[in-house]
Amino acid sequence: RMSIKSLAVLDGALNIVWKKEINKVDKFLYRYINSDKSVFLMGKKNPKQKEIDHIELYDFEKGYISGFDLKDSKYNLVLDETRFVNDKIILYTLLHTKDKKIVNDAILGYAKIEVDKKTGKELNRSYMVWDDLKPNLEFKDEFGTIEKYGNLYHQDFVNLENGNSILILEGYKKASTS
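Residues numbered from 1 in each chain as written. Predicted model: local features only at pLDDT ≥ 70, side-chain atom pairs only at ≥ 80, totals over all residues. Heavy atoms only, no water.

S.K.: In this structure, what is going on with the environment of leucine 70? I would like to understand it.
M.R.: Mapped onto the elements, leucine 70 comes out in the loop between strand E6 (63–69) and strand E7 (75–85). Along the backbone, leucine 70 and glutamate 161 are 91 residues apart, and their C-alpha atoms lie at a distance of 25 Å. (Helix = DSSP H or I, 4+ residues; strand = E, 2+ residues; numbered from the N terminus.)

Here it is in structure tokens:
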């Protein structure tokens, strides 16, 4: 909520470990995203926008580490899932057409963004668009529609020890409305 004026971490005795003032000048909506035992992520967005476009990384003991924009020059990114793997944070996002309204069925593919857990710096960004699955699957459009079948939507991202990911997909048909 925009009325929130600070973030704080408390210890077991409910004493303040650290506190950060927020929303002093600009008003943003904050949302808890995920955490492990040492750090947590907060999403931040302008109330006029639909999706989170900035992520802040905090250490439970030391406070604010870094903030980074969830933006891309080619796509609109929608944060879908986060994972903590050793010293990395892995963000999985949905890819949508740049500068157009985000529509749930209009997914162009997915991105995997790796961030250093200690600094908040982006280490790597990779993309998977539907054309990457050719020639194994043929699509009739850029949104992953398969002729006479429907669309694909992810059910899970599986991290492998070598740093690769497996994308588990499920097919569905759009329901007709009456």
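S.K.: For this particular structure, what's the right way to read the nonpolar core?
M.R.: If you look at soluble globular proteins, the nonpolar side chains tend to sit buried side by side. If you look at the biggest cluster of nonpolar residues, it comprises 20 residues, and the most contacted ones within it are Leu41, Ile55, Leu70, Ile89, Leu91 and Leu95. At the level of secondary structure, the elements contributing two or more residues to this core comprise strand E4 (39–45), strand E5 (54–59), E7, strand E8 (88–97) and strand E9 (109–116). No other element matches E7, which puts four residues into this core. With twelve residues, the next largest nonpolar core counts Tyr92, Met128, Phe139 and Leu152 among its residues. (Core = buried A, V, L, I, M, F, W, Y, C linked by side-chain atoms within 4.5 Å. Buried < 20%, exposed > 50% of the residue type's maximum accessible area, 1.4 Å probe, protein only.)

S.K.: Is there a simple way to explain the packing of aromatic side chains in this structure?
M.R.: Centre-to-centre distance and the angle between the planes together describe a pair of aromatic rings. This structure, assessed with the given rule, holds ten aromatic pairs. Ring centres 4.0 Å apart and planes at 5 degrees place the aromatic pair tyrosine 92 and phenylalanine 157 in the stacked group. Of this pair, tyrosine 92 sits in strand E8 while phenylalanine 157 sits in strand E11 (residues 151–159), and the two are 65 residues apart along the sequence. By relative accessible area, which is 3% here, phenylalanine 157 ends up buried. With centroids separated by 5.8 Å and ring planes inclined at 85 degrees, the aromatic side chains of tyrosine 110 and tryptophan 130 adopt a geometry described as edge-to-face. Here tyrosine 110, found in strand E9, pairs with tryptophan 130, found in the loop between strand E10 (122–129) and E11; they are 20 residues apart in sequence, far enough to count as distant. Its relative accessible area of 1% is what places tryptophan 130 among the buried residues. Here the aromatic residues Trp18, Phe40, Tyr58, Phe60 and Tyr64 are joined through ring pairs into a cluster of three or more. The aromatic ring of tyrosine 64 is capped on one face by lysine 20, whose charged end is 4.2 Å from the ring centroid. The positively charged end of lysine 44 is found above the aromatic ring belonging to phenylalanine 28, 4.3 Å away from the centroid. (Phe/Tyr/Trp six-rings, centres within 6.5 Å; stacked < 30°, edge-to-face > 60°. Lys NZ or Arg CZ within 6 Å of the ring centre and 35° of its normal.)

S.K.: Can you walk me through the side chain of lysine 45 in this structure?
M.R.: Following the sequence through the fold, lysine 45 ends up in strand E4. The buried charged residue lysine 45 lacks any salt bridge partner; its closest oppositely charged side chain belongs to glutamate 51, at an N-O distance of 7.9 Å. Polar side-chain contacts of lysine 45 include one of 2.5 Å to the backbone oxygen of glutamine 49. Excluding residues within four positions of it along the chain, lysine 45 makes contact with Phe28, Leu29, Lys50, Glu51, Ile52 and Asp53. (Lys, Arg positive; Asp, Glu negative; His and termini not counted. Salt bridge = Lys/Arg side-chain N within 4 Å of Asp/Glu carboxyl O. Polar contact = N/O pair within 3.5 Å; in protein donor to acceptor, adjacent residues only side chain to side chain. Contact = heavy atoms within 4.5 Å.)

Any link to function would need more than the numbers given here.
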